[in-house]
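Report on the structure
Here is how the chains run, residue by residue.
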Amino acid sequence: MVSALLATGQLSADTHSASQSAPRILTQVVIVGSQIIGRAFVEAYKNVSNAARANGGAAGRAADAATLRTGMSIDEAELILNVKKAGDVHAVGRDEILKRYDHLFKANDPANGGSFYLQSKIVRAKERLEMELDRHQNQQQQQ
């Protein structure tokens, strides 16, 4: 690493001389390495924030707010209630979602040996898909 720093000019040849102590050289290497890593983090942050700004829209913010409120994305909710194969959530409809919810909720009842955790995930999945259906319905009414 010292030879690489000498080649790039970040570590001077007189610093590398025998009169310099090893801790001083090691400290300089650590500082230069930290600067390089710091610049990389700043650049990565800029890239992420620019991408988020470019992808942000009113529909994206509404979906993100619903995801934060329920703690579940649309994709995860579709997978839990097994409506992903049917395609678009809006094509499946509220009745099919409720039918699948009822079946899975009863199948995972703790009184019948099921899991309370799974039941709560099923409830959140239904809530998330209903939010998406309501949002879609509101958009249709506004147009």
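The preceding data block contains the structure.
Reading guide: rules and limits
- Residues numbered from 1 in each chain as written.
- Predicted model: local features only at pLDDT ≥ 70, side-chain atom pairs only at ≥ 80, totals over all residues.
- Heavy atoms only, no water.
- Helix = DSSP H or I, 4+ residues; strand = E, 2+ residues; numbered from the N terminus.
- Contact = heavy atoms within 4.5 Å.
- Areas by Shrake-Rupley, 256 points an atom, 1.4 Å probe, with all protein chains shown as cover.
- Salt bridge = Lys/Arg side-chain N within 4 Å of Asp/Glu carboxyl O.
- Buried < 20%, exposed > 50% of the residue type's maximum accessible area, 1.4 Å probe, protein only.
- Phe/Tyr/Trp six-rings, centres within 6.5 Å; stacked < 30°, edge-to-face > 60°.
- Lys NZ or Arg CZ within 6 Å of the ring centre and 35° of its normal.
- Expected span 1.5 Å × (residues − 1).
- Polar contact = N/O pair within 3.5 Å; in protein donor to acceptor, adjacent residues only side chain to side chain.
- Arc of directions from axis to C-beta.

As for the overall build of the protein
- In terms of helices and strands, the protein carries 7 helices and 0 strands.
- Going residue by residue from the N terminus, the α and β elements of the protein occur as α-α-α-α-α-α-α.
- Restricting the contact set of the protein to residue pairs at least 6 apart, pairs at least 24 apart contribute 54%.
- In the form shown here, the protein has an accessible surface area of approximately 9,800 Å², with 57% of it arising from carbon and sulfur atoms.

Some remarks on the pattern of salt bridges
- The tally for this structure, following the rule as stated, stands at 7 salt bridges.
- Across the pair Lys 126 and Glu 130 runs a salt bridge, and its minimum N-O distance is 3.6 Å. Of this pair, Lys 126 and Glu 130 are both found in helix α7 (residues 116-142), 4 residues apart, which corresponds to roughly one turn of the helix. Of the two residues, Lys 126 and Glu 130, both sit in the buried class.
- A network of salt bridges, in which partner residues are shared, links Arg 128, Glu 132 and Arg 135.

Quick notes on the environment of Leu 133
- Relative to the assigned elements, Leu 133 resides in helix α7.
- The exposure class assigned to Leu 133 is buried, which follows from its relative accessible area of 10%.
- Spatially, the C-alpha atom of Leu 133 lies 8.1 Å from that of Gly 93, the residues being 40 residues apart in sequence.

Thoughts on the packing of aromatic side chains
- Going through the model one piece at a time under the given rule, you end up with 1 aromatic pair.
- Ring geometry for Tyr 101 and Phe 105: centres 5.5 Å apart, planes at 35°, overall tilted. Separated by 4 residues within a single helix, Tyr 101 and Phe 105 lie in helix α6 (residues 94-107), roughly one turn from each other.
- We classify Tyr 101 as buried; its relative accessible area is 14%.
- For the cation-ring pair, Lys 126 lies above Tyr 101, with the distance from its terminal atom to the ring centre recorded as 4.9 Å.

Quick word on α7
- With 27 residues, α7 should cover 39 Å at 1.5 Å per step; its first-to-last C-alpha distance of 39 Å lies within 8% of that length.
- Within α7, burial applies to Gln 119, Ile 122, Val 123, Ala 125, Lys 126, Arg 128, Leu 129, Glu 130, Glu 132, Leu 133 and Arg 135.
- Capping the start of α7 is the job of one residue whose side-chain oxygen sits 3.3 Å from the backbone nitrogen of Tyr 117: Ser 115.

Here's the deal with the side chain of Lys 126
- Here Lys 126 falls in the buried class, since its relative accessible area comes to 15%.
- Contacts of Lys 126, omitting those with residues within four sequence positions, involve Leu 81, Ile 97, Leu 98 and Tyr 101.

Some remarks on helix α4 (residues 74-81)
- Along α4, the residues classified as buried are Ile 74, Ala 77, Glu 78 and Leu 81. Buried residues of α4, viewed axially, fall in a sector of 100°; they line one side.
- In the stretch just after α4, Asn 82 is the one whose phi turns positive, near 60°.

Comments concerning unusual backbone geometry
- Phi at Asn 82 takes a positive value of approximately 60°, unusual for a residue other than glycine.
- If you trace the backbone, Asn 82 turns up in the loop between α4 and α5 (89-92).

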